[in-house]
Amino acid sequence: MIDRRGFGKVLGLTTGAATVSLTGLPGLPGAQTAAAATGDTAAGGHTGFPRLKRIRAGLLDVGYAELGPVHGPAVICLHGWPYDIHSYVDVAPLLAEQGYRVIVPYLRGHGTTRFLSARTFRNAQQSAIALDVIALMDALKIERAVLAGFDWGSRTADIVAALWPERCTALVSVSGYLVTDREAQRAPIAPQAEHNWWYQYYFATERGRRAMEDPDLRHDLTRFVWDTVSPTWDFDDATFERTAAAFDNPDYAAVVVHNYRWRLGLADGERRYDGLEQRLAGRPTIGVPTITLDPERDPFTAPGGGSAYRDRFTGAYEHRTLTGVGHNVPQEAPTAFARAVVDADRLRQVSSR
């Protein structure tokens, strides 16, 4: 299982980052305990969820995990690529213990989530995925929730918070403001950064599409991404294979390829989302209480301790840098992630007084 490295490294903060306090919450160690521990005490503690659920929501039959009291305040945890709900396998129990109702859905094209109609375009543009979350909340009769995510999940949570703030009580966003600016995507960036995005350009080719459709090549490609974007995470084969099973969804390749091609302006979206995309092109600010997390060892983390996107968050706000942590923050540092969710909710409570 996961090597339980020093928790001080996981929660270590660079200059200017907010202090991470874990005091006073049962199941989440206090700050002094955390600094002295030999690993994130929750990492690798769970291997799966209880029986998964399904519900029709919008265009999808959504597969999801649910933990915690049904009448507790809702938290929706959103995964990224190439990941699945198991990124939250240790986070969800921690939050459930604090009284939260935790919902962890498979995004479209992943795991047990299916399109209701074979005729529906396998679209993965950002506004379509965000509307999936709104539809899921409506189906579950959740009026408002804390939204927390990384990678595609951060982008999706950011969009919901920006366009439908009345549905979002607070936000936890790894890597900050990730709303896609397609016009800005046309411009080249520094060579090292371009190198980090190799798979985005690979998927723009027919060769890359065929690789995603081939089960063996897809397996090895996604495993390579895990190894390179989480260089300090000592996960075992079983941990990866649990998630890789979600990539056998029949719509997986089409959804992933469309997502990256759409971002680069190489694939069209759908007209029904044009209005939302026009609003997102204006880089709308986010006013809900927010905690942003920057993983230090993630090759996609921008320099500057969150300064690159600070002006996009206009409400109560904290930023934290997680030392020694790679891209898959909730699975690499679940206690730090759960702590951020609880603290973001507290920011909301304080700001509403």
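Every value quoted in this text rests on a predicted model; they were computed, and no experiment measured them.

Caption draft 1: Molecular detail of the environment of Arg 209. Relative to the elements of secondary structure, Arg 209 occurs in helix H8 (residues 206-213). Taking C-alpha positions, Arg 209 is 9.1 Å from Val 256, a pair spaced 47 residues apart along the chain. Contact partners of Arg 209, with chain neighbours within four places excluded, come to Val 257 and Arg 261.

Caption draft 2: A look at the nonpolar core. Counting 101 residues, the largest nonpolar core has Trp 81, Leu 95, Leu 147, Leu 171, Met 212 and Phe 337 as the members making the most contacts within it. Top element by residues in this core is helix H14 (residues 334-351). It accounts for 8 residues. Those residues in contact with Leu 147 that lie beyond four places of it in its chain are Ile 76, Val 133, Ala 157, Val 160, Cys 168, Ala 170, Leu 171 and Val 172.

Caption draft 3: Layout of the confidence of the model for the protein chain. Looking at the protein chain, pLDDT values average 89 and 88% of them are 70 or higher. Long-range and interchain partners of residues 1-25, a stretch whose pLDDT sits below 50, account for 86 contacts in this model, where long-range means more than four residues apart. Confidence over residues 29-39 falls short of pLDDT 50; this stretch has 23 contacts with residues more than four positions distant or in other chains.

Caption draft 4: Spatial organisation of helix H5 (residues 152-163). In this model H5 runs 17 Å from its N-terminal to its C-terminal C-alpha over 12 residues, within 8% of the 16 Å that 1.5 Å per residue would give. By the criterion of burial, H5 is predominantly enclosed, with 12 of the 12 residues buried. For H5, the complete set of buried residues consists of Trp 152, Gly 153, Ser 154, Arg 155, Thr 156, Ala 157, Asp 158, Ile 159, Val 160, Ala 161, Ala 162 and Leu 163. Buried positions along H5 lie against strand S3 (74-78), helix H4 (126-139), strand S6 (145-149), strand S7 (168-174), helix H11 (252-263) and helix H12 (274-281).

Caption draft 5: Local environment of the side chain of His 319. Structurally, the position occupied by His 319 is in strand S9 (residues 317-322). Classification of His 319 by relative accessible area gives buried; the value is 9%. Among the polar contacts listed, one links the side chain of His 319 to the side chain of Thr 292, at a separation of 2.8 Å. Polar contacts involving the side chain of His 319 include one to the main-chain carbonyl oxygen of Gly 305, which spans 3.2 Å.

Caption draft 6: Seen up close, the environment of Gly 326. The residue Gly 326 is located in the loop between S9 and helix H13 (329-332) in this model. A relative accessible area of 0% means that Gly 326 is categorised as buried. Separated by 93 residues in the primary sequence, Gly 326 and Trp 233 have C-alpha atoms spaced 7.1 Å apart. Setting aside anything within four residues of it in sequence, one finds Gly 326 in contact with Val 229, Ser 230, Thr 232, Pro 295, Arg 297, Asp 298 and Glu 332.

Caption draft 7: Quick look at the packing of H4 against H12. Following both chains from N to C, one finds H4 and H12 inclined at 105°, their axes separated by 9 Å at the closest point. Relative to H12, H4 is oriented roughly perpendicular. Seen from H4, the contacting residues are Gln 126, Ser 127 and Leu 131; seen from H12, they are Leu 276, Glu 277 and Leu 280. Partitioning the contact of H4 with H12 into residue classes produces 3 nonpolar, 2 polar and 1 charged.

Caption draft 8: Fine view of the pattern of salt bridges. Going through the model one piece at a time under the given rule, you end up with 18 salt bridges. Arg 101 is the salt-bridge partner of Glu 66, the closest N and O atoms lying 2.7 Å from each other. You can see Glu 66 sitting in strand S2 (residues 60-67) and its partner Arg 101 sitting in strand S4 (residues 101-105), a full 35 residues away along the chain. One exposure class covers both Glu 66 and Arg 101, and it is buried. Residue Arg 209 is joined to Glu 213 by a salt bridge in which the shortest nitrogen-to-oxygen separation is 2.5 Å. You can see Arg 209 and its partner Glu 213 sitting in helix H8, 4 residues apart, about one turn around the helix.

About the thresholds
Residues numbered from 1 in each chain as written. Predicted model: local features only at pLDDT ≥ 70, side-chain atom pairs only at ≥ 80, totals over all residues. Heavy atoms only, no water. Helix = DSSP H or I, 4+ residues; strand = E, 2+ residues; numbered from the N terminus. Contact = heavy atoms within 4.5 Å. Core = buried A, V, L, I, M, F, W, Y, C linked by side-chain atoms within 4.5 Å. Buried < 20%, exposed > 50% of the residue type's maximum accessible area, 1.4 Å probe, protein only. pLDDT = per-residue confidence, 0-100. Expected span 1.5 Å × (residues − 1). Polar contact = N/O pair within 3.5 Å; in protein donor to acceptor, adjacent residues only side chain to side chain. Axes fitted to C-alpha atoms, helices over the stretch in contact; angles between N-to-C directions. Parallel < 35°, antiparallel > 145°, perpendicular 65-115°, else oblique. Nonpolar A, V, L, I, M, F, W, Y, C, P; charged D, E, K, R; others polar. Salt bridge = Lys/Arg side-chain N within 4 Å of Asp/Glu carboxyl O.

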